[in-house]
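# Structure at a glance
The primary structure of each chain is shown beneath.
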Amino acid sequence: MKKSLTLLVSISIGCILGLIFKEKSVVFKPFGDIFLNLLFTLVVPLVFFSLSSTIAAMTDLKRLSSILIWMMIVFIITGVIACGVMIASVQLCPPAEGVTLHLSAPADNQQLSLGDTLVKAFTVSDFADLFSKKNMLPLIIFSLLLGVTASAAGPKARAFVDFLTAGNQVMEKMIALIMLYAPIGLGAYFAYLVGVFGPQLLGTYVRAVELYYPIAFLYFFLAFTVYAYVAGGLHGIKIFWKNIMPVALISWGTGSSIASIPANMDAAKRIGVPQELREVIIPIGGATLHLEGSCLSAILKIALLFGLFHTPFTGWHTLSIAIGIALLSGTVMSGIPGGGFLGELMIVTMYGFPIQALPIISMVGTLVDPPATMVNATGDNICCMITARILYGKNWMTHNLVNPRG
């Protein structure tokens, strides 16, 4: 929360400087560009080491396989539902309606067949091509496969797994160091944006916040009530809402799903989630795969950029790609210091938007972070309940089961 407040203060100062100096604010732009370039150069090794080391550290994959598979299925389904809710919302209330910014248009993409599109989206033809921010999805897939094979290699790969773990720790330290410059970099860039493009940009943020906060609260209360009913009927609803509010308040106040893990574990225990489920799903969900609030915000950011660049946010192809990016960005931004920028970076690079788009949606991410984190963290508990219902049957809350079915 302190970091978010610091960024908000620095950005506010930047906006004030932009309003004061107007067109002359272009002198601040190089200080913002330095910050953006640092992030762009770090994103590839950061994603590679983070994902590969996490998977490689899972030494007993066989025992965890059924839990992890169903956990991922539940995370993805609820994430897609969250995306659908926000897609419907931005269609009804476009977040950039009436706003005009004269930025360079996104690069034109050649029309490819579905097969060619899938090949280009998921793979590259040369190993060296993996290490480019333009090929984030192939890099993610390669990192996951590398982690799985390193784990499967067992003790013989111990030195390699240690290398991946050490690399991940170095990258986290580096991004933490770069984030120390974030208040200056973002403040300078917003001084430039506001000075050059005027207060109309601020109106865009007001509209985005007015859209996101009500949707997030409605999703929190309505969708989670439905999910709790699916997991445990009326008793599931009652016991979920009886125990979840401390988690919601902690995640809102700290702006961190990781910080809410202890309270989330305690809530899951009180709800009756079996130990082997809550001790796997909540740490993984809280530290790496908290999706739903991030999916809501990712779709909002994508729709905002499409509106600002006067590109129709319609059609099954465009919307399905948006859902895929939202799911991936929700996963990538997991628990890494300043990792929210990674999801935003993916949005910008995969759609070919210019670099100026990154600070714009980064500000949106900062503004909607409290409710997004609340939905993410409490969604981990819902995932525990639904997974318990799938693996243990409808009476999972009243039976002290040890091993899941199937």
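Throughout, a residue's number is its position along its own chain's written sequence, starting from 1. For this predicted model, a pLDDT threshold of at least 70 governs which residues receive local features, and a threshold of 80 or more governs which side-chain atom pairs are given and counted, while totals over whole chains, interfaces and linings are taken from all residues. Hydrogens and water are ignored here; the side-chain numbers use all heavy atoms of the structure.

## Regarding the overall build of the protein chain
Going along the chain from the N terminus, every DSSP run of H or I of four or more residues is numbered as a helix, and every run of E of two or more is numbered as a strand. In terms of helices and strands, the protein chain carries 16 helices and zero strands. Counting every position in the protein chain, which comprises 406 residues, the buried fraction comes to 52%. Under the convention used here, a 1.4 Å probe and the Shrake-Rupley method define accessible areas, while residue burial counts only the protein chains that appear. When the accessible surface of the protein chain is totalled, it reaches about 18,200 Å², and 68% of it is carbon and sulfur. Three exposure classes are used, based on accessible area relative to the maximum for each residue type with a 1.4 Å probe and protein chains only: buried under 20%, partly exposed in between, and exposed over 50%.

## Looking at the environment of D266
Tracing the sequence through the fold places D266 in helix α10 (residues 261–271). Taking the relative accessible area as the measure of exposure, D266 reaches 36% and is therefore partly exposed. Here the alpha-carbon distance between D266 and P246, two residues 20 residues apart in the chain, equals 10.0 Å.

## What to know about a nonpolar patch on the surface
Here a patch means residues that are over 30% exposed by relative accessible area and free of salt bridges, tied together within 9 Å if like-charged and within 5 Å if nonpolar (Val, Leu, Ile, Met, Phe, Trp, Tyr). When a carboxyl oxygen of Asp or Glu is within 4 Å of a side-chain nitrogen of Lys or Arg, the pair counts as a salt bridge. Judged by side-chain polarity, I69, W70, I73, I77 and I81 come together as a nonpolar surface patch covering roughly 430 Å² of accessible area. Note that I77 resides in helix α3 (residues 61–92).

## Brief notes about the packing of aromatic side chains
Only rings of Phe, Tyr and Trp enter the pairing, Trp through its six-membered ring, and a pair is recorded when the two centres are within 6.5 Å. The plane angle decides the type: under 30 degrees is stacked, over 60 is edge-to-face, the rest tilted. Tallying each qualifying case throughout the model produces 22 aromatic pairs. A ring pair is formed by F240 and W241, whose centres lie 5.0 Å apart and whose planes are at 75°; its orientation type is edge-to-face. Judged by centre distance (5.8 Å) and plane angle (75°), the ring pair of F306 and F353 falls under edge-to-face. Separated by 47 residues along the polypeptide, F306 in helix α12 (residues 292–308) and F353 in the loop between α14 (340–351) and α15 (357–367) bring together distant segments of the chain. An identical accessibility class is assigned to F306 and F353; each is buried. Note that K29 overlies the ring of Y192, its terminal NZ or CZ placed 5.6 Å from the centroid. Lysine NZ or arginine CZ positioned within 6 Å of the ring centre and within 35 degrees of the ring normal marks a charge as sitting over the ring.

## So, helix α5 (residues 136–152)
Helix span, as expected, comes to 1.5 Å for every residue beyond the first. Counted at 1.5 Å a residue, the expected span for α5 with its 17 residues is 24 Å, and the 24 Å between its end C-alpha atoms agrees. Once α5 ends, the next one or two residues include G154, with phi positive near 70°.

## As for the confidence of the model for the protein chain
With 81% of its residues at a pLDDT of 70 or more, the protein chain shows a mean pLDDT of 79. As a per-residue measure, pLDDT tells how confident the predictor is, with possible values from 0 to 100. Across the protein chain, element-level confidence peaks in helix α16 (residues 369–392) with a mean pLDDT of 89 and bottoms out in helix α4 (residues 114–122) with 63. Two residues qualify as a contact provided that any one of their heavy atoms is within 4.5 Å of a heavy atom in the partner residue. When the criterion is pLDDT under 50, residues 107–114 qualifies, and its contacts beyond four places in sequence or with other chains add up to four contacts. Here residues 334–339 is a poorly scored stretch, pLDDT under 50, and it has 18 contacts once near neighbours within four places are set aside; other chains count.

## A closer look at unusual backbone geometry
Only a minority of non-glycine residues have a phi that is not negative, and only a minority of peptide bonds are not trans. Positioned with a positive phi, K22 is a non-glycine residue whose angle comes to about 50°. Among the structural elements, K22 can be located in the loop between α1 (2–21) and α2 (29–56).

## Topic: the nonpolar core
Judged by nonpolar contacts, the single largest core of 120 residues is most densely connected at L305, F313, M385 and W396. The leading source of residues in this core is helix α8 (residues 200–243), at 15 residues. Definition of nonpolar core: a set of buried residues of the types Ala, Val, Leu, Ile, Met, Phe, Trp, Tyr and Cys, connected through side-chain atoms within 4.5 Å.

## Section: the pattern of salt bridges
Inspection of the entire model under this criterion finds three salt bridges. A salt bridge links D33 to K29, with the shortest nitrogen-to-oxygen separation between them at 2.9 Å. Taken together, the positions of D33 and K29, both in helix α2 and four residues apart, correspond to about one turn of that helix. Here R158 makes a salt bridge to D162, at a shortest N to O gap of 3.2 Å. Placement of the pair is R158 and D162 together in helix α6 (residues 158–179), with a separation of four residues, close to one helical turn. You can call R158 partly exposed: its relative accessible area is 42%. A relative accessible area of 40% places D162 in the partly exposed class.

## A few points about α16
Here α16 contains 24 residues, and its C-alpha end-to-end distance of 34 Å stays within 8% of the 34 Å for a straight helix at 1.5 Å per residue. Where burial is concerned, most of α16 is hidden: 21 out of the 24 residues are buried. Once α16 ends, the next one or two residues include G393, with phi positive near 95°.

## Overview of the side chain of N381
Turning to its location among the elements, N381 is positioned in helix α16. A relative accessible area of 0% means that N381 is categorised as buried. Residues within four places of N381 in sequence aside, it is in contact with F240, I244, N264, A267, A268, I271 and I282.

## Comments concerning the packing of α2 against α6
The description of two packed helices rests on the angle between their axes and on the distance between the axes. Axis lines are fitted to C-alpha atoms, over the contacting stretch for helices. Their N-to-C directions set the angle, which ranges from 0 to 180 degrees. Taken N-terminus to C-terminus, the directions of α2 and α6 make an angle of 150°; their axes are 8 Å apart at the nearest point. Comparing their axes, α6 and α2 come out roughly antiparallel. For the crossing formed where α2 meets α6, the hand is left-handed. Contact residues: F35, L38, L39, L42, P45, L46, F48, F49, S50, S52, S53 and A56 in α2; V161, F163, L164, T165, G167, N168, M171, E172, M174, I175, I178 and M179 in α6. Roughly parallel refers to an angle under 35 degrees, roughly antiparallel to one over 145, roughly perpendicular to one between 65 and 115, and oblique to any angle outside these ranges. Two helices that cross are described as forming a left-handed crossing if the nearer one is turned anticlockwise from the farther one by less than a right angle, and a right-handed crossing if clockwise.

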